[in-house]
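Descriptive analysis of the structure
Below are the chains, spelled out letter by letter.
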Amino acid sequence: MSLLVIGSVAFDALETPFGKTDKIVGGAASYISLSSSYFVKPVNLVAVVGGDFPKSDIAGFQEHGVDTTGLQIKENEKSFFWSGRYSNDMNSRETLVTELNVLADFDPIIPEAYQNCEYLMLGNLAPQVQRTVIERLQNRPKLIVMDTMNFWMDIAYDELVKTIALVDVLSINDDEARQLSNEYSLIKAARKIMAMGPKYLIIKKGEHGALLFGQNEIFYAPALPLEDVFDPTGAGDTFAGGFIGYLAKAGDLSFNNMKTAVIHGSAMASFCVEKFGTERLVNLGQAEIDARVQMFADLVRF
Ligand code: AMP
């Protein structure tokens, strides 16, 4: 059940209708690692930060069972920085700043102890870096899940398509699925994207839930209607962490079990949005997670 996670570990500055943050810890791999740590330990992390990244936050990851041997620290450089602003209904966001900094020439070195991982989560990063990780693994994992975003579709489309061809599951949002496929209908988009390689496709629709496409099946999971939504940042990554974490724990890759994994991912994402950044993800208990999963089951049973 060993899990390897790569992706950005970053500083984010966020603006939502409920407030603004200065630089706080974010990044795809931060959300994925924290979320999946509720299902499997250790979570083996490969990422890069600058000397400005707080050592206390690295210790915080370790307390969650995240192995940071593969986290490179470039003492004289700056961490990746991203800033985004959400619209009033929080369904869309505008990227204000992307400063790649240490990510610009990131060479993902895989520690020997991370070889032979069974599950690989390729969090949001340059697609050529994601592909390098696959190429550097001596054995192909049982499952490779990949997340990406419009930024890479805009600037590295060809590289992205080459990487997508190598993964088992692609997880993207509805706008990204439309941009990637050039199709408005999500059914047509799914067909085109799966023809690029992945056997499964997850299309996230924010507060409207998520769709899981298999070869001949579709599953729809709602998002939980929540009283408090403060900050959707990282919801997609937290979802992915819960999804792959659940599969790694269960070890069953049937479509039926993937449905349950989508519900666990959705439950983890529902926590993420309740507070700014990773705040809500650092102190969850198993009973709270189980209760949320049960709320999903109750919501759709009729
Ligand atoms: P999500 O809200 O799940 O799409 O993910 C938000 C996270 O993605 C933030 O914490 C950012 O630091 C990170 N992020 C934004 N843009 C990029 C990018 N181009 N490459 C890698 N990570 C990014």
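Refer to the structure printed above.
Rules and cut-offs
- Residues numbered from 1 in each chain as written.
- Predicted model: local features only at pLDDT ≥ 70, side-chain atom pairs only at ≥ 80, totals over all residues.
- Heavy atoms only, no water.
- Helix = DSSP H or I, 4+ residues; strand = E, 2+ residues; numbered from the N terminus.
- Axes fitted to C-alpha atoms, helices over the stretch in contact; angles between N-to-C directions.
- Parallel < 35°, antiparallel > 145°, perpendicular 65-115°, else oblique.
- Left-handed = near helix turned anticlockwise from the far one by under 90°.
- Contact = heavy atoms within 4.5 Å.
- Nonpolar A, V, L, I, M, F, W, Y, C, P; charged D, E, K, R; others polar.
- Buried < 20%, exposed > 50% of the residue type's maximum accessible area, 1.4 Å probe, protein only.
- Pairing = 2+ DSSP bridges.
- Phe/Tyr/Trp six-rings, centres within 6.5 Å; stacked < 30°, edge-to-face > 60°.
- Lys NZ or Arg CZ within 6 Å of the ring centre and 35° of its normal.
- Right-handed = clockwise from strand over helix to strand, strands pointing away.
- Near = heavy atom within 4 Å.
- Polar contact = N/O pair within 3.5 Å; in protein donor to acceptor, adjacent residues only side chain to side chain.
- Areas by Shrake-Rupley, 256 points an atom, 1.4 Å probe, with all protein chains shown as cover.
- Expected span 1.5 Å × (residues − 1).

Quick word on unusual backbone geometry
Residue Pro42 follows Lys41 across a cis peptide bond; omega there is -5°. With respect to the helices and strands, Pro42 occurs in the loop between α1 (28–36) and β5 (43–50). With phi around 45°, Asn101 is a residue other than glycine that occupies positive phi space. Note on placement: Asn101 falls in the loop between β8 (93–99) and β9 (119–122). Even without being glycine, Asn182 reaches a positive phi, approximately 65°. Inspection of the secondary structure puts Asn182 in the loop between α6 (174–181) and α7 (186–195).

Describing the packing of α6 against α7
Between two packed helices, what matters for the description is the angle formed by their axes and the separation of those axes. Running from N to C, α6 and α7 point in directions that differ by 60°, and their axes come no closer than 9 Å. Judged by the inter-axis angle, α6 sits oblique to α7. For the pair α6 and α7, the sense of crossing is left-handed. Packed against α6, whose contacting residues are Asp174, Ala177, Arg178, Leu180 and Ser181, the element α7 presents Leu186, Ala189, Lys192 and Ile193 at the interface. In terms of residue class, the contact of α6 with α7 is built from 5 nonpolar, 1 polar and 3 charged.

Description of the pairing of β9
Going residue by residue along β9, you find Tyr119 and Met121 tucked away on one face and Leu120 and Leu122 tucked away on the opposite face as well. Judged from the 4 bridges that link them, strand β1 (residues 3–6) and β9 form a sheet pairing that is parallel. Considered in β9, the bridge of Leu4 is made with Leu120. Here 4 bridges tie β9 to strand β10 (residues 143–147), and the two strands are oriented parallel to one another. Paired with Met121 across the strands is Val145, a residue of β10.

Some details on the packing of aromatic side chains
Tallied over the entire structure, the rule returns 5 aromatic pairs. Ring plane angle 35° and centroid distance 5.6 Å describe the contact between Phe11 and Phe53, whose orientation is recorded as tilted. In this pair, Phe11 sits in strand β2 (residues 10–16) while Phe53 sits in the loop between β5 and α2 (55–63), placing the two residues 42 residues apart along the sequence. With a centroid separation of 4.7 Å and an interplanar angle of 85°, the aromatic rings of Phe151 and Trp152 are classed as edge-to-face. Taking relative accessible area as the criterion, Trp152 reaches 9% and is therefore assigned buried. The lysine or arginine in question, Lys23, covers the ring of Phe81, its NZ or CZ lying 4.8 Å from the ring centre.

Looking at the pairing of β10
Among the 5 residues in β10, 5 count as buried, and that is most of the element. Alternating residues of β10 divide into Leu143, Val145 and Asp147 and Ile144 and Met146, and every residue in both groups is buried. Of the crossover connections in this fold, the one passing from β9 over helix α3 (residues 127–136) to the parallel β10 is right-handed. With 3 bridges joining them, β10 and strand β11 (residues 169–173) adopt parallel strand pairing. Counted as the bridge partner of Asp147 is Ser171 from β11.

Looking at the site of the ligand
Ser8, Asp12, Gly27, Gly234 and Asp237 are the nearest of the 19 residues found near the ligand. Note that an oxygen atom of the ligand is positioned 2.8 Å from one of the side-chain N or O atoms of Arg93. Within the contact set of the ligand, an oxygen atom lies 3.2 Å away from a backbone nitrogen or oxygen of Gly236. In the complex, the protein chains occlude 93% of the 510 Å² of accessible area that the ligand would expose alone. In terms of residues, the shell around the ligand owes the most to one element, helix α8 (residues 235–250), which gives 3 residues. For the shell around the ligand, the class distribution of residues is 9 nonpolar, 7 polar and 3 charged.

Description of the packing of α8 against helix α9 (residues 255–272)
At their nearest, the axes of α8 and α9 sit 7 Å apart, and the two run at 140° to each other. It follows from the interaxial angle that α8 and α9 lie oblique. Here α8 runs over α9; the crossing is right-handed. Here Ala235, Thr238, Phe239, Gly242, Phe243, Tyr246, Leu247 and Ala250 of α8 lie close against α9, whose contacting residues are Asn257, Met258, Thr260, Ala261, Val262, His264, Gly265, Ser266, Met268, Ala269 and Cys272. Across the contact of α8 with α9, the residue classes tally to 12 nonpolar, 7 polar and no charged.

Section: α8
Here α8 contains 16 residues, and its C-alpha end-to-end distance of 22 Å stays within 8% of the 22 Å for a straight helix at 1.5 Å per residue. With respect to burial, α8 is a largely interior element, 13 of its 16 residues being buried. After α8 finishes, the residue Gly251 shows a positive phi value of roughly 70°.

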